[in-house]
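# Observations on the model geometry
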Amino acid sequence: MSDHSPYANLVRASQEIAVLGSCASLLGWDEQTYMPRGGAEHRSAQMSLLAGMVHEKATDPRIGDWLSQAESQPIATKPDSVEAVNVREWRRSYDRSTKLPRRLVEELAKATSLGQQTWVEARQAQKYAQFQPAFETILHLKREEAACLGTGSGDYDALLDDYEPGVKAADLAPLFETLRQGLVPLIVAIADAPRKPDATVLERDYPVDRQQIFGELMAANFGFDFERGRLDVTAHPFCTDIGPGDCRITTRYNPKDFSDAFFGILHETGHALYEQGLNPAHHGTPMGQSVSLGVHESQSRLWENAVGRSRPFWKYAFPQAKRVFRDALHEVELDRFLFAINEVRPSLIRVQADEVTYSLHIIIRFELERALLAGDLAPGDLPGAWTEKYQSYLNVTPANDAEGCLQDIHWSAGLFGYFPTYTLGNVFAAQLFDKASRDLGDLPDQLERGEFSGLLGWLRKNIHQHGKRWWSDELITRAAGTRPDPQPFLNSLRTKFGELYGV
Ligand code: ZN
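## Points about helix α4 (residues 82–99)
The terminal C-alpha atoms of α4 lie 26 Å apart, and with 18 residues this matches the ideal 26 Å at 1.5 Å per residue to within 8%. Taken residue by residue, α4 has A84, V85, N86, V87, E89, W90, R92, Y94, R96 and S97 as its buried positions. Considering only its buried residues, α4 is in contact with α1 (6–33), α2 (40–58), α3 (61–71), α6 (128–149) and α7 (156–160).

If you want it as structure tokens, here you go:
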């Protein structure tokens, strides 16, 4: 006899929504990889039908009834228990989706779909003015969304909460300020350093088939399970989880560039290891889902940077790289290669930024989107404000809007409050890597021997298996032993780049 308790009903509803959502994920993966251009129109019909079905299921009034009943039962009173966590998270998403009027959801879907098209054209034309009317509409609707979900139209926290539950702008502002004050002098010191890397070694001939083999090999060494995942080619790399046993990562190859594909693969592998490390018994419920974008990004950054750009890792991997890329690397020494993959250069484009300058790109966006939402910055003044901040934080000036405020797709897609999670990821990653190093004792030696299972096991135990049990603040505090704190990240940068650049 099947269980018809409110909790069991909620589990079934949640699993159905997850299955429907995973169909959309698979279609989305296909759209970005193999779909012929001619399929676009029908694909958008498939996607919007699925999105409507998911929304209908997620806002079914019976879910509200089952939630009220489940909340009054003792099963949900022990806060860390599987049941209590699931009920808490279902309540959260049910309230979020039912607080938004259907008209607003539809208007936002339309405005962001149009906004992204307009953004593509405006970026090509390098003219923000072309995008501004669409952007004003999106901003207006996002302010309305913030008012529905939070305390008012300027409530940044209400939007941030969708990506990083529990974190507030008031927590981020001082954390980012500490980062900025630590990063700026380091960047200045690096710029004045007598030693400079020779990044041209990364721009030699790197045949695409060999890049693929080398990338797959290292992803597999880290622990990516190719029985339960794939690596394919796309224009804008991503990782998508289809379900237990099926996690897909993507990259793009350039035969004259080693870094783009390789570090992209390591980055997406980090995301995938998190998805592959979730408990399959909880699939389709919050206990079987990743907790936040910041924690997700901590996993990708940890494998990409803390491991993938470290000396111990390359002591292991460089001899192999030399054999695979004989023509490009035959006379290159480890030190020269290591310096090249860790070049620091203040730049205009966020996605090409190095480990040291990256966070400043995020801080700029955080400050600007907060001001836009609060009404302190008029959309017409965005390009000027953008340029001013790039000059003051990074000492660079965009030549046009495409290099400036039109470079990211996020705002055109209505993603406000999303950017800070990238930097939180770097901050969390450093805290976790520090603690894992202390707990494991000989982590650098393990990496040098090409042994990654100790580190992966530590992450599985302390992060992956917990799903949404604790939000990022508590999860990181429990795993790292300290609250979210930018110092370990700053320390790791000072140590690593101090050695490389001799500053
Ligand atoms: Zn990422």
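That covers the picture; the talk isn't over yet.
## Thoughts on the coordination of the zinc ion
At 2.1 to 2.3 Å from the zinc ion lie its protein donor atoms, namely H267 (NE2), H271 (NE2) and E297 (OE). Between consecutive donors of the zinc ion, the numbers of intervening residues give the motif H-x3-H-x25-E. One end of the pair, H271, is in helix α10 (residues 259–277); the other, E297, is in helix α11 (residues 293–307), with 26 residues separating them in the sequence. In this pair, the class of H271 matches that of E297, namely buried.

## Description of the packing of aromatic side chains
Considering all chains together, one arrives at 40 aromatic pairs under this definition. Ring centres of F224 and F226 lie 4.7 Å apart, and the angle between their planes is 70°; on these two criteria the pair is classed as edge-to-face. For F226, a relative accessible area of 29% gives the class partly exposed. Measuring from ring centre to ring centre gives 6.2 Å for F258 and W314, while their planes differ by 65°; the resulting arrangement is edge-to-face.

## Side note on the sheet that holds strand β3 (residues 246–251)
In space, the three strands of this open sheet follow the order β1-β3-β2, with mixed pairing throughout. Since the sheet does not close on itself, it has two edges, and those belong to β1 (229–233) and β2 (239–243), each with one partner. Ignoring strand direction, the axes of neighbouring strands in this sheet form an average angle of 20°. In this structure, β2 lies alongside β3, joined through four bridges in antiparallel fashion.

## With respect to the environment of A402
Within the secondary structure, A402 is located in the loop between α16 (382–394) and α17 (420–440). In sequence terms A402 and P280 are 122 residues apart; their C-alpha atoms lie 43 Å from each other. Ignoring sequence-local partners within four residues, the contact set of A402 consists of R123, Q126 and Q407.

## Details of the pattern of salt bridges
Summed over the entire model, instances satisfying the criterion amount to 39 salt bridges. Residue E304 pairs with R309 through a salt bridge whose shortest N-O separation is 3.1 Å. The pair formed by E304 and R309 is uniform in burial state, with each residue classed as buried. Residue E448 pairs with K315 through a salt bridge whose shortest N-O separation is 4.0 Å. Separated by 133 residues along the polypeptide, E448 in helix α18 (residues 443–448) and K315 in helix α12 (residues 311–324) bring together distant segments of the chain. Here the salt bridges do not stand alone but share partners, grouping R88, E89, R92, R96, D161 and D162 into one network.

## Quick look at empty space enclosed by the protein
Going through the model one piece at a time under the given rule, you end up with two cavities of 30 Å³ or more. Within the residue set of the lining of the largest cavity, elements represented by two or more residues are α6 and α16. Sort the elements by how many residues they give to the lining of the largest cavity and α6 lands first, with three residues. Considering only residue class, the lining of the largest cavity consists of nine nonpolar, two polar and one charged. Each of domain 1 (6–150) and domain 2 (169–501) accounts for three or more of the residues forming the lining of the largest cavity. Lining of the second largest cavity is provided by R96, K142, E145, L159, D162, Y163 and F416. Residues that form the lining of the second largest cavity fall into these classes: three nonpolar, no polar and four charged.

Calculation notes
- Residues numbered from 1 in each chain as written.
- Predicted model: local features only at pLDDT ≥ 70, side-chain atom pairs only at ≥ 80, totals over all residues.
- Heavy atoms only, no water.
- Helix = DSSP H or I, 4+ residues; strand = E, 2+ residues; numbered from the N terminus.
- Expected span 1.5 Å × (residues − 1).
- Buried < 20%, exposed > 50% of the residue type's maximum accessible area, 1.4 Å probe, protein only.
- Contact = heavy atoms within 4.5 Å.
- Donors = N, O, S within 2.8 Å, 3.2 Å for Na, K, Ca; no water.
- Phe/Tyr/Trp six-rings, centres within 6.5 Å; stacked < 30°, edge-to-face > 60°.
- Pairing = 2+ DSSP bridges.
- Axes fitted to C-alpha atoms, helices over the stretch in contact; angles between N-to-C directions.
- Salt bridge = Lys/Arg side-chain N within 4 Å of Asp/Glu carboxyl O.
- 1 Å grid on protein atoms, 1.4 Å probe; cavity = no way out; pocket = protein on both sides within 12 Å on 5 of 7 lines; lining within 4 Å.
- Points joined across faces, edges and corners; volume = space filled by probe spheres on them.
- Nonpolar A, V, L, I, M, F, W, Y, C, P; charged D, E, K, R; others polar.
- Domains from an automatic or database assignment.

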